[in-house]
Structures are given as C-alpha cells and as structure tokens.
Amino acid sequence: MTPQAQIQQILLLQIDQDDLEFRFSPLAPVLEEDSALADSVRRVGILHPPILRKRLDDRYLMISGHTRVLLAGRILGLGSLPCLVLPATCDDALALEVAFEALCARKVPTPMEVAFFCQRMAAHLGIEEIAARFFPRLGLPPTPFLVRQAIGLAGIEEPFAVAIHQGRLHEAVGRELMDLPLPDRLALFELIDLLQLSVGNQKKLVAGCRELSGRENVSLRSILGSAEIRDILDHQEMNIPQKGAALMRYLTARRFPQLTAAAAEFEQFRRGLALPDNFSLEATPSFEDDRLRLTITFAGRQELNRRLPALLADGH
C-alpha cells in the first residue's frame with residue numbers, strides 16, 4: 001500500500017458507486033442481505049475499510065470494497081464510514097495494483113478477475129512486466145504467454161464470462177468456444193450449463209462436436225439438435241447426471257462407431273459367460289488385440305487356499 005494513503009471519514013454521497021473501473025468481477029456488486037458478509041456487518045460492523053481514490057471534483061472513486069459500501073448504507077444505515085483514501089495524484093496503474101492486491105488478500109482471484117486485471121493493466125505496463133510482477137503472486141509462472149491468454153479471455157461475451165467466474169464453465173473450454181461462431185458457442189454453453197457437465201466432459205463435448213462437424217460436414221448446431229440428443233434431454237425418468245452420462249455415451253458412439261460396436265459385442269460375450277459376481281473380465285484398451293484379463297476376488301485367505309488348487313489344476 002502506498003504510504004500516502006490515509007484513513008478518512010467519507011460521506012457515502014461523495015462515493016461514486018457507479019464507476020466499476022477497478023472492479024475485476026464480471027458481476028456488478030449485489031446487496032445480499034442474507035450473505036455471510038451482511039451477517040458479519042450486522043454483528044460487528046465493517047472491519048476492513050473500503051479503499052477509495054480522491055477525484056479532482058472532491059468525489060471518490062472505489063478501488064476496493066464495493067459491496068461493503070453498499071452494506072454500510074443499506075444495512076447499517078450509515079451516512080459516512082471510515083475509508084482508506086488514496087490521493088488524486090495516485091495514477092491508474094498504482095490504483096489497479098492496489099485493487100489487485102486487495103483482491104488477492106481476500107481470496108484467490110477467478111480466471112475472469114485475472115483476465116480483466118491483465119486487460120486493464122496492459123494499458124499501463126508491458127506484457128512482460130505484468131507477468132513478472134503479478135503472476136508469481138497467483139502461483140503462476142511469469143510467462144508473457146499466460147498474460148496474453150488472460151487478456152484474450154477478457155474479450156469473451158458476458159454470459160460466458162459470468163459462467164467462468166462462477167465455476168460453471170472452465171476457462172480452457174471458454175477459450176475454445178471463442179473460436180466458434182456465436183450461435184455455436186451459445187448452443188454448446190447451453191448444454192454444458194443445463195447438464196452441469198464436469199470439466200472433463202465439457203472438453204469432450206466441445207472436442208467431439210467440433211470433430212463430428214468437420215468429419216460429417218454438418219453444422220455444430222445440427223449435431224446438438226439431433227433427435228437422439230433431444231430424446232436424452234427430454235427423458236422424463238433420467239436426472240441431470242444420468243442425462244449427462246447418456247449424452248457422452250451417444251457422442252462417443254457417434255465419434256467411434258467401430259469401437260462402440262466392439263464394446264457392445266464384448267459386453268454381450270461377457271454376459272453370455274454368466275460369470276460369478278466375484279469374477280471380472282476385461283479386454284485390452286480399445287480392443288487392440290484378443291487378450292483378456294480375468295480377475296477373481298476372494299473373501300479371504302481361507303477361500304483362496306480352498307479354491308486355488310482346483311484353479312491351478314484347471315490352468316494346466
């Protein structure tokens with residue numbers, strides 16, 4: 001923190017609450033009266049003063065603590081509150097750094113918060129300097145590539161940015177979606193969000209649909225709008241995880257029809273053997289050869305000692 005900052009009692013009416021230049025979240029501050037922060041404010045007041053920067057018109061710009069300012073006025077009914085005030089001579093680069101440090105001290109920044117910080121700081125510092133000064137603070141290697149990647153992510157549309165910020169969409173999947181036309185992006189994201197897909201399945205869905213679109217020379221939206229997928233989504237007896245699993249099985253079967261057919265044939269063969277419950281039969285990965293592995297689970301040493309001689313004799 002710059003040594004020029006001072007604690008001052010500031011009227012709430014003097015604080016510009018509409019300027020979010022130094023807020024890195026894609027979400028505007030929202031007053032949630034049943035939140036943990038609101039409960040804490042009711043019990044003990046505001047423990048950490050908001051950080052402001054004085055403007056030349058004698059008003060104040062919020063650097064950090066947007067939600068706390070809201071709570072001070074609407075829950076505590078305060079007309080003023082103590083704030084840590086940076087002078088008007090504090091430039092934007094330093095104010096951005098202070099806002100970023102305040103964020104990191106409070107929590108681990110989300111990928112979107114890092115993206116918006118890098119985008120705004122790039123107007124003041126070089127990419128290499130941003131990487132060297134700030135990425136070690138995040139536990140990331142100080143490579144310019146990661147900074148450029150973050151700045152690129154800052155250009156994603158609001159619905160995707162909010163989903164990445166909230167953890168509903170993985171940042172790597174978001175970057176891949178940016179390569180697609182907007183209607184395709186929205187169609188994929190709607191499915192990811194509806195089925196609450198894991199990170200792994202998000203990646204498989206996007207990769208699989210892109211591969212099928214290129215291989216079959218059809219639009220990505222036509223793949224997602226197929227009768228098979230509609231049937232999965234409209235199924236009345238499957239819950240969300242079951243629908244997600246069914247979708248991934250369908251895409252796998254469509255991408256790898258020979259492998260899927262081989263798996264179905266093997267499963268039919270395995271069931272035809274009517275093996276005991278403690279027997280497990282496995283084929284080699286991707287059925288690359290005809291070898292099989294049979295695993296037998298015994299209840300304990302006594303059962304093993306009792307049954308092993310007969311098994312060995314049969315093996316010879």
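Anything mentioned here points back to the structure above.
This structure is a prediction, so every number in the text was calculated from the model and none was measured.

Parameters at a glance
Residues numbered from 1 in each chain as written. Predicted model: local features only at pLDDT ≥ 70, side-chain atom pairs only at ≥ 80, totals over all residues. Heavy atoms only, no water. Pairing = 2+ DSSP bridges. Helix = DSSP H or I, 4+ residues; strand = E, 2+ residues; numbered from the N terminus. Contact = heavy atoms within 4.5 Å. Axes fitted to C-alpha atoms, helices over the stretch in contact; angles between N-to-C directions. Phe/Tyr/Trp six-rings, centres within 6.5 Å; stacked < 30°, edge-to-face > 60°. Buried < 20%, exposed > 50% of the residue type's maximum accessible area, 1.4 Å probe, protein only. Core = buried A, V, L, I, M, F, W, Y, C linked by side-chain atoms within 4.5 Å.

## As for the sheet that holds strand β2 (residues 15–16)
Then step 1. What the 5 strands build is an open sheet, ordered β1-β5-β3-β4-β2; its pairing is mixed. The open sheet terminates on both sides in strands that have one partner only, identified here as β1 (6–11) and β2.
Then step 2. Both β1 and strand β5 (residues 80–86) contribute to a ladder of 6 bridges, which runs antiparallel. Bridge pairing links L11 to S80 in β5.
Then step 3. Relative to the sheet, helix α2 (residues 66–74) contacts β2, β4 (60–64) and β5, its axis offset from that of β4 by approximately 120°.
Then step 4. Along the sheet, helix α3 (residues 92–106) makes contact with β3 (51–54), β4 and β5, crossing β4 at roughly 40°.

## Observations concerning the packing of aromatic side chains
Then step 1. Per the stated rule, a full pass over the model turns up 5 aromatic pairs.
Then step 2. Arranged with centres 5.6 Å apart and planes meeting at 75°, the rings of F24 and F117 form a pair that is edge-to-face. Pair noted here: F24 is in the loop between β2 and α1 (36–44) and F117 is in helix α4 (residues 111–121), with a separation of 93 residues, a long-range link. Here F24 and F117 have matching classes, each one buried.
Then step 3. Put simply, the rings of F24, F100, F117 and F134 touch in pairs and so form one group of aromatic residues.

## What to know about the nonpolar core
Then step 1. If you look at the biggest cluster of nonpolar residues, it comprises 64 residues, and the most contacted ones within it are L169, L188, L205 and L224.
Then step 2. In terms of residues, this core owes the most to one element, α3, which gives 9 residues.
Then step 3. For L188, the residues in contact, after removing those within four places along its chain, are L177, L180, L205, V206, C209, L220 and L224.
Then step 4. Within the second largest apolar cluster, 11 residues are counted, among which are L52, Y60, M62 and L81.

Bear in mind that shape data such as this cannot, by itself, settle questions of function.
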